[in-house]
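# Commentary on secondary and tertiary structure
Listed below are the residues making up each chain.
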Amino acid sequence: VFPSLAQAQASVANEVYQELGQPSVFLFCPTEYCSSLCSPSPSQSCYLQTIGQELLPGIAVIWTGPKVVSQELSAELLEEVEVVLRRPPVIWDNLYANDYDCRRIFLGPYMGRAPGLMSRLQGLLLNPNCELQANFIPIHTLGTWFGSELGSCAHPERAGTWHPCLRQLCLPSPAGLSRLMSCSSSGMEGALGDSQGGQDGSYSPQEALELALRDWVAEINQQALEPGK
């Protein structure tokens, strides 16, 4: 008999992790996986405090942000989560998820994530639209965001905090990477530019969207030229 749900979950997760030989990637999704599910807050949650204390350090913990579907992710919140979990979280990003309402499709650029988040994360997983073809822009702009984080001259050490498998999953092709590094050069106006301008190589959602649209059109045109299409 375990004294709490958190201790039971941590014990089982630790045993499975060790039985598998302590793999380099082992993800644990807590019952309280976003701020809105924590009582009264992430830092004061007895559940998360126990998880952080009892879970073996090699196990990564999934977090979705302030809510299940988080429009914004701030460095301050992630710092709070990192402290209570005693490890940087892996973000399970539901920004584009539409499995809860398949009448909606999200085609905008990756946005609402503060610059410099990489140093606060152990990884990032994107939960996409259910419709495969609708995910070109989400995945492409995620790659642009990730590339701009890697290319930040002020923080070149950020790349080392992510597992190599996660880095490979997020990065675009070499050609796309070379283009995205010059993608951000001017300020932005309107909703897309409130917090993420394209200055000094920082991520610009507007310019990332334009780059994704150009590549998507090129992909569609290429497919149209293939026999049988």
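Rules used throughout
Residues numbered from 1 in each chain as written. Predicted model: local features only at pLDDT ≥ 70, side-chain atom pairs only at ≥ 80, totals over all residues. Heavy atoms only, no water. Phe/Tyr/Trp six-rings, centres within 6.5 Å; stacked < 30°, edge-to-face > 60°. Buried < 20%, exposed > 50% of the residue type's maximum accessible area, 1.4 Å probe, protein only. Salt bridge = Lys/Arg side-chain N within 4 Å of Asp/Glu carboxyl O. Helix = DSSP H or I, 4+ residues; strand = E, 2+ residues; numbered from the N terminus. Pairing = 2+ DSSP bridges.

## Some thoughts on the packing of aromatic side chains
- Applying the stated criterion across every chain, the model contains four aromatic pairs.
- Their ring planes at 50 degrees and their centres at 6.5 Å tell us that Trp-145 and Phe-146 sit as a pair that is tilted.
- Assessed through its relative accessible area of 1%, Trp-145 is described here as buried.
- Put simply, the rings of Tyr-110, Trp-145 and Phe-146 touch in pairs and so form one group of aromatic residues.

## Focus on the pattern of salt bridges
- Scanning the model with the defined rule gives four salt bridges in all.
- Ionic pairing is found between Arg-113 and Asp-93, a salt bridge with its closest N-O pair at 2.7 Å. Of the two residues, Arg-113 sits in the loop between strand S3 (90-93) and strand S4 (123-126) while Asp-93 sits in strand S3, which places them 20 residues apart along the sequence.
- Between Asp-101 and Arg-103 there is a salt bridge, with the nearest N and O atoms lying 3.0 Å from each other.
- On the basis of relative accessible area, Asp-101 is assigned to the buried category, the value being 17%.

## Quick word on the sheet that holds S3
- On the basis of which strands lie adjacent, the open sheet formed by four strands has the order S1-S2-S3-S4 and parallel pairing. Lying at the two open borders of the sheet, with one neighbouring strand each, are strand S1 (27-28) and S4.
- As defined by bridge partners, strand S2 (residues 60-63) adjoins S3 across two bridges and the pair is classed as parallel. For Ile-62, the partnering residue across the bridge sits in S3 and is Val-90.

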